[in-house]
Every structure is written in C-alpha cells, then in structure tokens.
Amino acid sequence: MTLSNRFSERKWTSHNSKNTAAFVTLALASAVTLSACSSDSDEASADETATESTAVAITDVSNLEDATHYSESDADFEEAHVTEIALDGDTVSASGANSDGVAAQEADGEAVITVTGGGTYRFSGELSGHVVITADSEEDVQIILNGATITSDTDAAVSITEADDATVIVADGTENTLTDGSTRNGQTAEEAEAAEATEEATDDESFVANAALYSKADLTITGTGQLTVDGTYEDGIHSKDGLVITGPNVTVQAADDGIIGKDYLVLVDGTVDITSVDTGFGSDNEDDADRGWLSILGGSITVDTGDDAIKAENALAIAEGTVLVTASEEAIEAANIEILGGDIDLTSADDAINASGGYGTESSDTADDPQGDMGGQMPQDGERPTDMPTDMPTDMPTDMAEGGDGQAPQGGGGMDQAGNQSITISGGTIVMDAEGDGLDSNGSITMTGGDVTVNGPVNGGNGAIDFAGTFDISGGTLLAIGSSGMAEAPDTDSDQASLSITLSETVNSGATLAVADADGNIVTTFTTIKEIQSVVFSSADVTSGTEYTVYQVEDGATDVSDGTQLGTGTAGEYTNAMQPN
C-alpha cells in the first residue's frame, strides 16, 4: 500500500501467511478532516404506563458470560497476529499483521491515527493526537496498551466507532494514560448542549465521542497494568453498549460521568478509583426493560462525586469486593438493589442507598425529589413540615425534632404509595453516613443477613430509614440512628424483632451508647459520629416483647450500671404511624 503523497512515506505490504515483515513510518503533513460519525443520541424518554423492568443484575461470576458479551478468552491473542503501533509525539510507526489498516493524518492541528479492520493492535509510546478504530460489525478488536500515553486537544483519546466486541488489554507492569480534549467541533460540552437546545447543531455536530475512552461496541477492559483516564470534555470511559472491567487498576478523573456502560456495567476484579462531577459508576439505559443494570462481583471501587456515586437505571447488585464512596449526593441508586456481600462504606449529602425510578416510571426530577414525597416544601434545620397532608395520623409525636420520652410512633413507609422498587440485603458489612435518608426505598426493604449501620441525618425532614411499602427483617444486624422527626423501623410482624426508641434528649457526636435489657445485658454498643435523637436496632439477640433501654456510658464500659438512661422501648411494640392505611 502507498500512502497519500501528503505524507512522508515508505511503501509497505501487509503480512501474508508466512508473516512477511512489513513496516511503515507515517509522518504528519497536512490537515485531513475525519469523516463524521452517524448521529447517536443519548436522549431517552420514559413511559409511565410501560412494562415493568425485567433487568436482573448478576450476582455470581459464573453467570458473566451468559449475561454479557464477555468471554474468558477476550484477552487471548497470538503474537503473530499483533499489529505494533509505536507512538512518538506526532510520528507513528506501524508494523505487523494488519499494518495496512493503519493510517495517519492531521486534523485540527493534531495527529489522527485511524485503524480499520478487526484484529489485535498494541500501542506503545506517546501520541499528541487521537486514535479512531473502526471494524466490521462482526469483527472483534483488541487494543493492547503497552506503556501508551495518548493526549488529544480536540477529541476522544481513543474511540471505537464500530466493532462486534472491543477489548482493551492493559499490559502487565505498564502505566498508560488517556486524556481527551475539552472541546468537540470547537465547542465545550456546555456550548454543544446549548447549541442543540436552540437547534443550531447539524447532524454532523450532534454526535461526538464524549469520553476519553469511548466505544460504540461492547467493551471489556482487562489486564493487570495501570490505566489513568482524564475525561476533560465529559466522561472518562463510556460504552454505548455493555462494559466489563476485570483485572486492571483504573483511575478516572471526569468533568461529567466517570465510567458508564449504557446497557450494563460489571466490575469483576481490579481496582477502580473515580473522581467525577456527575455519576461516578453507572449504567443508564432507560429505554430497554432488560438493560440498565450494574453488578460489582469483586475488586475494589472508590468514588468521589458531586452527584450519584454508583447508579443503575434498573437493577444493581453488590456480591463481593470493597466499595468506598467518600463523597456523593446519593451513594447507591437503582430501582432494585441487592447486596449479598462486600465491605461497603458510603457517604452521601442526600440518600445513601436509594431504590427509586426504573423502567416505565416517570422520568421527571420529582420522582426522586424528597419534596415530592412530602407534597410540598421540606423542613429545614430540624423544623417540622409546614404543609403536611391533611390526612396525617392523629397520634403524631409533638417533639419530633427535640426527642421524646422513649417509645414513639415511627414513620414506616412515608406518605407515598409503594412502588415496585426494592432493597434486598442478605450479607456484607455496610456503613452509611447520610445527610438525607440512609436506607430509602420507594417500595420495600428486605433484610435476611449482613451487618448494616446507618448514621442518619441530623435534620428532622429525613430519617435513617425510609420506605413506602414494607420492611421485613429476618436476619442480620441493623443499627439505624439519627433524627427522630421522620424515624422509621422494620415491620413489627417481621421474623426478627426490632427496637425503635426515641431519646429523651439529643446526644452529641462522640458519645458512647449501649442498649441493654432490664437485667443489664448489653445487646449492642456504638459511638455516635454526629447528633442523634433516635435508635433503631435489630439482631438475633433482641427478643420480641422484652423491654430495652438506651444508656450513655463511658467509652470502654462493660456494663450500664453507671450509665445515663436516654430512652426505653419494647422490642416489636411500636407503631409505624406514617404508613398508609
């Protein structure tokens, strides 16, 4: 093949069956604009009368290949079939199996490397520019990052515009960096959005690869090396189909979303660290009832975000691994959430674990708006609501924000009609620090195991627990502490008994509290990390019909003889007063 005379060139031939050597040096010379990709809108609308979601988030690695595009052989390749692509500033050298499928040009002042055809391509070195890979819709593509740094000022660092499946292999022992430009077609993301809103965008302008690593095909990221991704336009990593991560250490900084797999997103193994402005780790397909699901089956993930940390449109499961959310608006959100194991630590400015939305539900912001739950303005700074519904129960406590005298009505179910959303917990260790609700379901909550601690809100307009339907508990340990104004507790007819006690006074941060029966036998102790006014506790050690007392004790105390009594309640004997009749 002979390159265009616009390039300093050498003639080269592709490999034949005898692996004949081929080599090409591609030096950039003049600007050639890439042809625009077809328009692909992310917009979706939800139909309130649509079919209920059928998405299921897998909970075992053994189901991975059946449920996704992933194959254990995705990372397998033969050296004889590898195309080597050496990057050196604005110069690119290609040799090997499909070197005739590699071309270079200049566009908008930077190198554009186009790779055409399926196969295995190994990138090494540094490129000031971007890579575009296009294969047949029935061809697979493997991209080996072998110490590659790709930095674009105008586009995605790597975009896969068409393939059957795409696999990025992060080579063992290597460090790799992908950085995209902060503009597309000369516009920032905000400018492009504004142009689209005023119908100024053309068909060519309406599609952009909005992430540093972008794929329109199913994508697997595997290997054991280090991959650092800086998404300065919008997202860090985005697959328009499914995305599976297994093995590498991935660090993402993103101006919008961190890592998105539209149809599904699965973390099998490896370490993922995300800092993002919007969704950290998510699956956002709201068009298909069986898509929009997310599973964490192992590995470790840390998210720091200004919005939702780990979010799926329909179903979300955590089976194993370590999940750390250091900052978020809502830490975990999906219509149906299942937690079977793992070590989970969540910090949220609003709800920590929120079961809401889902396929076929109203897509407006009011669906998740706590003011919508109240039917009006939410109370602030512990004040009681000023516009509560007129059909409120008549036995509401009058000391909602200041604490009561022990047993108090609990707000099970809020005031919404229960939906099909659910939270199911059967294992794992879960610790939450929520300024909004801790465990919040627009439908039901079921707990059969696990160790759950909710450090709930200080303000009286939220509660450590909030559910619209039922909360059945039959196993595990639950401690939910926080404000008393909207406090709720598991159903009293659950197989495992629970306590719900409103404290006689507000307890400050750093206090050590113990819960003990009438004989002084302690069933739990804990230390507050902020002010609290109520305690909800359930474990196998709690006996229905038995009276328990909350004491403030000295740190390290082994009995309650010198403790200060703060409230008393009888296990299984409280009223979920705010639950709809």
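Fair warning: this is a prediction, and the values are worked out from it, not measured in the lab.

Reading the values: rules and limits
- Residue indices follow the written sequence of each chain, beginning from 1 at its first position.
- Where totals are concerned, whole chains, interfaces and linings use all residues; where local detail is concerned, this predicted model gives features only for residues with pLDDT of at least 70, and gives and counts side-chain atom pairs only at 80 or more.
- The side-chain numbers reported here are obtained from all heavy atoms of the structure, hydrogens and water having been left aside.
- Here a strand is any run of E in DSSP of at least two residues, a helix any run of H or I of at least four, and the numbering for each starts at the N terminus.
- Contact definition: two residues touch when any of their heavy atoms are within 4.5 Å.
- Each accessible area is a Shrake-Rupley result for a 1.4 Å probe, and residues are judged covered by the shown protein chains and nothing else.
- Whenever Lys or Arg places a side-chain nitrogen within 4 Å of a carboxyl oxygen from Asp or Glu, that contact is recorded as a salt bridge.
- Only protein chains enter the calculation, and the probe is 1.4 Å; a residue is then buried if its accessible area is under 20% of its type maximum, exposed if over 50%, and partly exposed in between.
- Between any two strands, at least two bridges found by DSSP are needed for them to pair.
- For every residue, the predictor reports its confidence as pLDDT, a number between 0 and 100.
- Among buried residues, the Ala, Val, Leu, Ile, Met, Phe, Trp, Tyr and Cys ones that are joined through side-chain atoms within 4.5 Å form a nonpolar core.
- To define axes, lines are fitted to C-alpha atoms, for helices over the stretch in contact only, and angles between the resulting N-to-C directions are given on a 0 to 180 degree scale.
- Note on aromatic pairs: the rings of Phe, Tyr and Trp (six-membered ring only in Trp) are paired at centre separations within 6.5 Å, and the planes decide the class, stacked below 30 degrees, edge-to-face beyond 60, tilted for the rest.
- Two conditions define a charge sitting above a ring: the NZ of Lys or the CZ of Arg must be within 6 Å of the ring centre, and it must be within 35 degrees of the ring normal.
- Pairs of N or O atoms are called polar contacts if they sit within 3.5 Å, as long as, within protein, a hydrogen donor faces a hydrogen acceptor (for residues adjacent in sequence, only side-chain-to-side-chain pairs).

1. Re the overall build of the protein chain
- The helix and strand inventory of the protein chain stands at four helices and 40 strands.
- In the protein chain, of all internal contacts separated by at least 6 residues, the share reaching a separation of at least 24 is 59%.
- Summed over all atoms, the accessible surface of the protein chain reaches about 23,200 Å², with 40% contributed by carbon and sulfur.

2. A short note on the pattern of salt bridges
- Under the definition given, this model contains nine salt bridges.
- Where Arg291 meets Asp290, a salt bridge forms, and the shortest distance between an N and an O atom there is 3.9 Å.
- Note on Arg291: relative accessible area 30%, which makes it partly exposed.
- Of the charged contacts in the structure, one is a salt bridge between Lys530 and Asp433, with a shortest N-O distance of 2.7 Å. Residue Lys530 is located in the loop between β37 (522-527) and β38 (532-538), and its partner Asp433 is located in strand β29 (residues 422-434); the two are separated by 97 residues in the primary sequence.
- Among the ionic contacts, a cluster of salt bridges with common partners joins Glu79, Glu84 and Arg122.

3. Side note on the pairing of strand β15 (residues 242-254)
- Judged from the four bridges that link them, strand β12 (residues 218-223) and β15 form a sheet pairing that is parallel. Across the sheet, the residue bridging to Thr222 is Thr246, located in β15.
- One ladder, built from six bridges, connects strand β13 (residues 226-231) with β15; its direction is parallel. Residue Gln226 lies in a different strand from β15, and its bridge partner there is Asn249.

4. Remarks on the confidence of the model for the protein chain
- Averaged over all residues, the pLDDT of the protein chain equals 83, while 78% of them reach at least 70.
- Under a pLDDT of 50 for its full length, residues 200-205 has, in the predicted model, eight contacts with residues more than four places off or in other chains.
- Contacts of residues 363-415 to residues separated by more than four positions or lying in other chains number 111 contacts, the stretch itself having pLDDT below 50.

5. Quick look at the nonpolar core
- In this structure, Ile259, Phe281 and Ile310 are the most contacted members of the largest nonpolar core, which totals 88 residues.
- Every residue in contact with Ile310, bar those within four places of it in the chain, is listed here: Phe281, Leu294, Ile296, Val303, Leu316, Val323, Val325, Ala331, Ile332 and Glu333.
- Counting 20 residues, the second-largest nonpolar core is a separate cluster that includes Ile481, Ala511, Val515 and Phe537.

6. Structural notes on the sheet that holds strand β40 (residues 564-570)
- In space, the four strands of this open sheet follow the order β37-β36-β39-β40, with antiparallel pairing throughout. Strands with a single pairing partner mark the edges of an open sheet, and in this sheet they are β37 and β40. Across this sheet, the average inter-strand angle for adjacent strands is 20°, counted without regard to direction.
- By the bridge criterion, five bridges tie strand β36 (residues 512-517) to β37 in an arrangement that is antiparallel. Its bridge partner lying in β37, Val515 is registered against Thr524.

7. Some thoughts on the packing of aromatic side chains
- Enumeration over the complete set of coordinates arrives at two aromatic pairs.
- Geometrically, the ring pair formed by Tyr264 and Trp293 is stacked, given 5.2 Å between the ring centres and 20° between the ring planes. Of the two residues, Tyr264 sits in strand β17 (residues 264-276) while Trp293 sits in strand β19 (residues 293-296), which places them 29 residues apart along the sequence. Just as Tyr264 is buried, Trp293 falls in that class too.
- With a centroid separation of 5.7 Å and 90° between ring planes, the pair formed by Phe467 and Phe471 is classed as edge-to-face. Exposure class is identical for Phe467 and Phe471. Each is buried.
- For the cation-ring pair, Arg184 lies above Tyr233, with the distance from its terminal atom to the ring centre recorded as 4.4 Å.

8. Some details on unusual backbone geometry
- With a phi angle near 55°, Asp108 is a residue other than glycine that sits in the positive phi range.
- Positionally, Asp108 belongs in the loop between β4 (102-107) and β5 (110-116).

9. A look at the environment of Ser348
- Positionally, Ser348 belongs in strand β26 (residues 343-348).
- The sequence separation of Ser348 and Ala331 amounts to 17 residues, and the corresponding C-alpha distance is 5.7 Å.
- Beyond its immediate sequence surroundings of up to four residues, Ser348 is in contact with Ser328, Glu329, Glu330, Ala331, Asp433, Ala434 and Glu435.
- Within the local environment of Ser348, its side chain forms a polar contact with the backbone oxygen of Asp350, the two atoms lying 2.8 Å apart.

10. Some words on the environment of Asn249
- With respect to the helices and strands, Asn249 occurs in strand β15.
- By relative accessible area, Asn249 is classed as partly exposed at 30%.
- The spatial distance from the C-alpha of Asn249 to the C-alpha of Val170 is 8.8 Å, given a sequence separation of 79 residues.
- Asn249 has contacts with Gly225, Gln226, Leu227 and Thr271, leaving out every residue within four places of it along the chain.
- One polar contact links Asn249 to Thr271, side chain to side chain, over a distance of 3.4 Å.

11. Thoughts on the side chain of Ser99
- Tracing the backbone shows Ser99 in the loop between β3 (91-96) and β4.
- Polar contacts involving the side chain of Ser99 include one to the main-chain carbonyl oxygen of Gly96, which spans 3.3 Å.

12. Some thoughts on the environment of Asp519
- The residue Asp519 is located in the loop between β36 and β37 in this model.
- For the pair Asp519 and Val560, spaced 41 residues apart in sequence, the C-alpha separation works out to 9.9 Å.

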